[in-house]
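Each chain, written out:
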Amino acid sequence: MNIGIVCYPTHGGSGVVASELAIGLAQKGHVIHIVSYAPPFRLRTFHQNIFIHEVEAAAYPLFKAPSYELGLAAKLVELAEHHGLEIIHAHYALPHAASAYLAKQIFNSGRLKTLTTLHGTDITLVGADPSYRRVVKFAIEQSDGVTAVSTYLKNRTVEEFGIRREIRVIPNFIDPGRPDRNRGQCSREAFAPHGEAILMHASNFRPVKRVADVVRIFARVRARIPAKLLLVGDGPDRPMVEELAAGMNLGADVHFLGEQDQLEPLFFCADLFLLPSEQESFGLTALEAMNCGVPVIAADVGGLPEVVVHGETGFLFPVGDIAAMADKAVEIMGDAAARERLVAQARLRAVQCFDAAQIIPQYEAFYRDLVSS
Ligand code: GMT
């Protein structure tokens, strides 16, 4: 098939899922056109059958800002006309699904179908804002197909927007081979020269991730056992988090690594992954940690319970319960046998339930349903 994938190019989960889906589909012989405002970071190396198209949106003195939405729609129409696109797969409703709808109307042929994948904050945060919600609801209702990355997100979409149409749940996925390709690239000793425990967190440092909680959990852990913290990512909360860590005299034990294209090398240095988010429709980083055999301590919210099995592959606690999260981290680090069980179960669940080889065919099947309808 000839598939257009619209996504964000940045270090966010939706861009990672879209890029990995593109790679998996291209390996199966489909022709993939990636449409975004920059090449997605996971697609900066060459992949056969993947073509990258950057959207241009002209500035004009009358405009408050160039219209990315219109530039995206125009690019999609061009691809439909000149490259025979059969499907536009919009990752993240806003504005991608709206631009896909517009492109379909302009192209005006039954041949072009649209599929929207809802990822999380496009429904729970920004999409629910009164300034966008009517457009998001319309775009979801008008898509030929809609998927959500968790049952939680599907239900939340139905409640939040009163959607009645079918929404298929297709969970996010991992490549079970990725860990082996990234083993041994990170020196544990460089971060923890005296055998300290290593805790890790990775996110876009937005308020929804509660990175300050990560630092406070770490402070409690470090007060009881020697430990280091790896903080991966960047975003609006980073200055606040840096100040907090310095103010708590954690400076030398907290490593701010900034944005990293590959998390796997770092997972191999980590003993535990922390994800205490306020909201998480799925928690792709938790799944990626599990794929590398890293147990997860996370908030019991959103779709995280569909990924992390409490007591088996990690532990879930109420949002903000930093005392319980820290106690559990210390307990796990003090019990080698229990940690080993968690490590094995985390990897097993990632591979058994979220292998790309099982999930990508679900998208292919959906594309086929749409193309033949
Ligand atoms: O975490 C973010 O805010 C980024 C966002 C994105 O679209 O990149 O992540 C959302 O989509 C991911 C991929 O499906 C999910 O794993 C994340 O849980 C989800 N984030 C939230 O719901 C906060």
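Residues numbered from 1 in each chain as written. Predicted model: local features only at pLDDT ≥ 70, side-chain atom pairs only at ≥ 80, totals over all residues. Heavy atoms only, no water.

> So, the overall build of the chain: which residues are in play, and what are the values?
Helix and strand content of the chain: 16 helices and 13 strands. Relative to the 2.2 N^0.38 estimate, which gives 21 Å for 373 residues, the radius of gyration of the chain is 21 Å and therefore close to what a compact globule would have. Expressed as lengths along the three principal axes of its C-alpha atoms, the size of the chain is roughly 65 × 45 × 40 Å. Split into buried and exposed, the 373 residues of the chain put 56% on the buried side. Excluding contacts between residues fewer than 6 apart, the proportion of contacts in the chain whose partners are at least 24 apart in sequence is 69%. When the accessible surface of the chain is summed, it comes to about 15400 Å², and 52% of that surface belongs to carbon and sulfur atoms. (Helix = DSSP H or I, 4+ residues; strand = E, 2+ residues; numbered from the N terminus. Rg over C-alpha atoms; globule rule 2.2 N^0.38 Å. Buried < 20%, exposed > 50% of the residue type's maximum accessible area, 1.4 Å probe, protein only. Contact = heavy atoms within 4.5 Å. Areas by Shrake-Rupley, 256 points an atom, 1.4 Å probe, with all protein chains shown as cover.)

> Lay out the pattern of salt bridges with the relevant residues and their values.
Evaluated as defined, the whole model comprises 27 salt bridges. Here Lys104 and Asp144 are joined by a salt bridge, their closest N and O atoms 2.8 Å apart. Here Asp144 lies in the loop between α5 (133-142) and β6 (145-148) and Lys104 lies in helix α3 (residues 96-107), a separation of 40 residues in the sequence. We classify Lys104 as buried; its relative accessible area is 18%. Taking the shortest distance from any N to any O, the salt bridge between Asp175 and Arg181 comes out at 2.7 Å. Taking relative accessible area as the criterion, Asp175 reaches 25% and is therefore assigned partly exposed. (Salt bridge = Lys/Arg side-chain N within 4 Å of Asp/Glu carboxyl O.)

> Any details on the site of the ligand? Residues and values, ideally.
Residues in contact with the ligand amount to 18 residues; listed here are only the nearest, Ser14, His119, Asn172, Lys209 and Glu280. Here an oxygen atom of the ligand and a side-chain polar atom of Asn204 are 3.4 Å apart. Backbone polar atom of Phe282 to an oxygen atom of the ligand: 3.1 Å apart, as the coordinates give it. Alone, the ligand offers 480 Å² of accessible surface; in the complex the protein occludes 95% of this. Of the pockets mapped on this structure, the ligand occupies the largest pocket. Of the residues contributing to the shell around the ligand, the split by class is four nonpolar, eleven polar and three charged. (Near = heavy atom within 4 Å. Polar contact = N/O pair within 3.5 Å; in protein donor to acceptor, adjacent residues only side chain to side chain. 1 Å grid on protein atoms, 1.4 Å probe; cavity = no way out; pocket = protein on both sides within 12 Å on 5 of 7 lines; lining within 4 Å. Sits in = over half its atoms within 2 Å of the grid points. Nonpolar A, V, L, I, M, F, W, Y, C, P; charged D, E, K, R; others polar.)

> Please give an account of the domain arrangement of the chain that cites residues and values.
Interface size is often expressed as the accessible area that is lost when the parts come together. The domains assigned to the chain are domain 1 (2-173 + 355-372) and domain 2 (178-354). A straight line from the C-alpha centre of domain 1 to that of domain 2 covers 30 Å. Taken together, the 25 residues of domain 1 in the interface contact 19 residues of domain 2. Together, the buried faces of domain 1 and domain 2 total about 1600 Å²; carbon and sulfur atoms form 50% of this surface. A per-residue breakdown of the area domain 1 buries against domain 2 is headed by His11, Arg42 and Tyr152, which together make up 32% of the total. In this structure, the connection of domain 1 to domain 2 is made through three salt bridges. Across the pair Arg178 and Glu20 runs a salt bridge whose closest N-O atoms are separated by 3.5 Å. Our count for the contact surface shared by domain 1 and domain 2 stands at twelve residue pairs in polar contact (both at pLDDT 80 or more). (Domains from an automatic or database assignment. Buried area = accessible area lost by both parts, 1.4 Å probe.)

> Before we move on, could you go through the sheet that holds strand β13 (residues 314-317) and cite the residues and values that matter?
What the six strands build is an open sheet, ordered β10-β9-β8-β11-β12-β13; its pairing is parallel. Edge positions in the sheet fall to β10 (254-258) and β13, since each of these pairs with one other strand and no more. This sheet shows a mean twist of 20° between the axes of neighbouring strands, independent of strand direction. Sheet topology places strand β8 (residues 197-202) next to strand β9 (residues 227-232); six bridges connect them, and they run parallel. The partner of Met200 across the bridge, within β9, is Leu230. Across the sheet, helix α9 (residues 211-222) is in contact with β8, β9, β10 and β11 (272-275); its angle to β9 comes to roughly 170°. (Pairing = 2+ DSSP bridges. Axes fitted to C-alpha atoms, helices over the stretch in contact; angles between N-to-C directions.)

> Go over the pairing of β9, please, and point to the residues and values.
Of all the six residues making up β9, six are buried; the element is thus mostly covered by neighbouring parts of the structure. One crossover worth recording links β8 to the parallel β9 by way of α9, and it is right-handed. The pairing of β9 with β10 spans four bridges and is classified as parallel. Along β10, the bridge assignment pairs Val232 with Gly258. Note that the unit made of β9, helix α10 (residues 238-247) and β10 has a crossover that is right-handed. (Right-handed = clockwise from strand over helix to strand, strands pointing away.)

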